[in-house]
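Survey of secondary and tertiary structure
Read off the chains here:
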Amino acid sequence: MTKASLSPVLKQATPVVVDHALGSWIHGTDGRRYLDFTTGIGVTSTGHCHPDVVAAAQEQCAKIIHAQYTTVMHQPLLQLTEKLGEHLPDGIDSVFYANSGSEAVEAAVRLARMATGRQYIVTVQRGFHGRTVAAASLTTAGTKFSAGFGPMMAGVASTPFPDARRLQLSEADAVAYALGEFDYMMSTRIHPKELAAVLIEPVLGDGGYLQVPPAYLAGLRERTEKYGALLVLDEVQAGVGRTGEFWGHQHTEGLVPDVIITAKGIASGFPISAIAAPEEIMAKAWPGSQGGTYGGNAVSAAAGVATLDVVEREGLVENSRVRGRQLLAGLREGLAGIDAISDVRGIGLMLAVEFGDPTANAGGPESLEAVRLAGAVQQACIDEDLLTLTCGPLGSIVRIIPALTVTEEEIVTGTERFVRAVRRTVES
């Protein structure tokens, strides 16, 4: 008999094997209690095993687990659509469900091409949109997501991100530069009549936890309207309260996209994703182009309803805003004076500590040292019973993603542990 094991390519960021978890805490089989500031990469929005989410899933499991939604409809999906609709911008009133962020991204691309009859999708450099072939073709957060299985999907172009620090410009000048490069691309690479959509995260995820300047989002909205293309916002990681607003794009006043993509925090860990668009756009999808065996699963949908109830009842969007400010202030104070750190940033409970100079040559000694330090700090956090992750194109950034339910005391504890881990690492 063959003894099976997990793929050797899968690498854990921590050595923790979970026994059980509750709220912001993971209890390992090693008997240790870890403060989880990873939340499954921003997924367990209401914390681990929130009793309301657990109860909703348990109750639904006793009714029906799998009700394939193009065969029979079920109440949880109808309820989730109604609840989600309460948070969608005016006019965005039609929803399609899938299983993962990557699937939802691909569904949005398919919809954009069908609705416009055009081919080109423009993404912004350092964006992460998934690992499946089409989603990886749209991803520029690192070559590891798209290398080794090309050729990639055609009809994709990338435009610069207005990273003021890396460009060594003011934010206003960085925005002007990036929009100018977009305009130049529309004159040299893509004919405006072939532009189907612009796809962007309102806050970069794997690309480095950088908020997109509101002026840049507004500029993209202006251009998509001018060219008759769609603006698609990937809210997979930034949505559902993560940034201190329900949607990450709500930090740009008056912005209304054509399509919103959501997943991760919408169901506290149960696999479900969605795209939302005006019905007049959604109706342009070709017959049979939307579906899937597991999309809109009944248990996941029930967990989603419970999650949105908890977010509203417990004021978790506001908690994200307040606790995020507390954490950002604590990190900046505790890490002040450490030359190896070039930036401590964040919006809501989506924070990052960047090591090294972002203008340094990738692969050079300085950038390699920054990558080493970020990895060493992430591992040192484990010794402090704190779980964090790295991100960024090179891996030189430590990202901190607490649950939206995180308390003031847990923020204090996490800040103290993180600062100790950093100082021990850089001083060793």
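Everything that follows concerns the structure shown earlier in this document.
For the structure given in this document, a descriptive report is provided here. Within each chain, residue numbers correspond to sequence positions counted from 1 in written order. Whole-chain, interface and lining totals are the exception, using all residues; otherwise, since this is a predicted model, local features are given only for residues with pLDDT of at least 70 and side-chain atom pairs are given and counted only at 80 or more. Only hydrogens and water are removed before side-chain values are computed, so all heavy atoms of the structure are retained for them.

1. Topic: the overall build of the protein
Strands here mean DSSP runs of E at least two residues long; helices mean DSSP runs of H or I at least four residues long; both are numbered from the N terminus. Helices and strands together make up the secondary structure of the protein, namely 13 helices and 15 strands. Expected size for 428 residues packed as a compact globule is a radius of gyration near 22 Å; at 21 Å, the protein falls within 12% of this value. When its C-alpha atoms are laid out on the principal axes, the protein stretches across 60 × 55 × 55 Å. Any two residues whose heavy atoms approach within 4.5 Å at even a single point are treated as in contact. Of the contacts formed within the protein by residues at least 6 apart in sequence, a portion of 72% connects residues at least 24 apart. Surface accessibility in these figures is a Shrake-Rupley result with a 1.4 Å probe; residues are shielded only by whichever protein chains are displayed. For the protein, the accessible surface area stands at approximately 18,500 Å², while carbon and sulfur atoms represent 53% of it. The globule rule used here is 2.2 Å times the number of residues to the 0.38 power, and the radius of gyration it is set against is calculated over C-alpha atoms.

2. Here we look at helix α2 (residues 51-61)
Burial classification: accessible surface area is computed with a 1.4 Å probe over protein chains only, and a residue below 20% of its type maximum counts as buried, one above 50% as exposed, and the rest as partly exposed. Listing the buried residues of α2 in full gives Val53, Ala56, Ala57 and Gln60. Seen along its axis, α2 keeps its buried residues to an arc of 95 degrees; they face one direction. Projecting away from the buried face of α2 at angles above 90 degrees are the exposed residues Pro51 and Gln58. Of the surrounding secondary structure, the elements contacted by the buried residues of α2 are α3 (75-85) and α10 (298-313). Summarising the geometry, the arc corresponds to the directions from the helix axis toward the C-beta atoms.

3. Some thoughts on the sheet that holds strand β12 (residues 350-355)
Read across the open sheet, the four strands follow the order β11-β12-β15-β14; overall the sheet is antiparallel. A single partner strand is all that each edge strand has here, and the edge strands are β11 (341-347) and β14 (389-391). With direction set aside, neighbouring strand axes in the sheet form an average angle of 25 degrees. The pairing of β12 with strand β15 (residues 397-400) spans four bridges and is antiparallel. Along β15, the bridge assignment pairs Leu351 with Ile400. Packed onto the sheet, helix α11 (residues 316-334) meets β11, β12 and β15 and runs at close to 170 degrees relative to β11. When DSSP finds two or more bridges between two strands, those strands count as paired. All axes here are fitted lines through C-alpha atoms, helices being fitted over the stretch that makes contact, and every angle between N-to-C directions spans 0 to 180 degrees.

4. Observations concerning the sheet that holds strand β3 (residues 33-36)
Spatially, four strands are ordered β1-β2-β3-β13 in an open sheet, and the strand pairing comes out mixed. Each edge of the sheet is formed by a strand with only one pairing partner; in this case those strands are β1 (18-22) and β13 (386-387). Bridge analysis of β3 against β13 gives two bridges, and the strand direction is parallel. By the bridge assignment for β13, Leu35 is matched with Leu386. Sheet strands touched by helix α13 (residues 408-427): β2 (25-28), β3 and β13. Its angle to β3, the strand with the most contacts, is close to 100 degrees.

5. A short note on the pairing of β1
As judged from the four bridges shared by β1 and β2, these two strands associate in the antiparallel manner. Across the sheet, residue Val18 finds its bridge partner in β2, namely Gly28. The antiparallel pairing of β1 with β2 creates a hairpin that spans two residues between the two strands, and Gly23 there sits at a positive phi of about 65 degrees.

6. Details of the nonpolar core
Note on soluble globular proteins: their nonpolar side chains tend to be buried together. Ranked by size, the top nonpolar core spans 85 residues in total, and within it Ile261, Ile275, Leu335, Phe355 and Phe418 carry the most contacts. For this core, the element with the highest residue contribution is helix α4 (residues 101-116), accounting for eight residues. Sequence-distant contacts of Leu335, that is, excluding residues within four places in its chain, are made with Ile341, Val344, Val353, Phe418, Val419, Val422 and Arg423. Within this scheme, the nonpolar core is defined by two criteria: the residues are buried Ala, Val, Leu, Ile, Met, Phe, Trp, Tyr or Cys, and they are joined through side-chain atoms within 4.5 Å. Among the nonpolar cores identified, the runner-up in size contains 26 residues, and Phe161, Leu179, Leu204 and Leu217 belong to it.

7. Regarding the environment of Met114
Tracing the sequence through the fold places Met114 in helix α4. On the basis of relative accessible area, Met114 is assigned to the partly exposed category, the value being 22%. Sequence-wise, Met114 and Glu333 are 219 residues apart; in three dimensions their C-alpha atoms are separated by 50 Å. Residues within four places of Met114 in sequence aside, it is in contact with Lys284, Ala285, Trp286 and Ser289.

8. Quick look at the environment of Arg32
Relative to the helices and strands, Arg32 resides in the loop between β2 and β3. Taking the relative accessible area as the measure of exposure, Arg32 reaches 31% and is therefore partly exposed. Sequence-wise, Arg32 and Ala196 are 164 residues apart; in three dimensions their C-alpha atoms are separated by 51 Å. Polar side-chain contacts of Arg32 include one of 3.4 Å to the side chain of Tyr34. The term polar contact refers here to a pair of N or O atoms within 3.5 Å; inside protein, the definition further demands a hydrogen-donor-capable atom paired with an acceptor-capable atom, and it admits residues adjacent in sequence only when both atoms are side-chain atoms.

9. Some details on the pattern of salt bridges
Just to be clear on terms, a salt bridge is a Lys or Arg side-chain nitrogen sitting within 4 Å of an Asp or Glu carboxyl oxygen. For the coordinates displayed, the defined rule picks out 22 salt bridges. The salt bridge involving Arg313 is made with Asp52; its shortest N-O contact spans 2.2 Å. Taken together, the residues span a long stretch of sequence, with Arg313 in helix α10 and Asp52 in helix α2 at a distance of 261 residues. Asp52 gets classed as partly exposed once you look at its relative accessible area, which sits at 32%. Put simply, Arg399 and Asp206 hold a salt bridge, and the shortest N to O gap is 3.5 Å. You can see Arg399 sitting in strand β15 and its partner Asp206 sitting in the loop between β7 (195-200) and α8 (214-227), a full 193 residues away along the chain. An identical accessibility class is assigned to Arg399 and Asp206; each is buried. What you see here is one network of salt bridges that share partners, running through Lys83, Glu86, Asp309 and Glu312.

Fair warning: the whole summary comes from geometry, so function is off the table for now.
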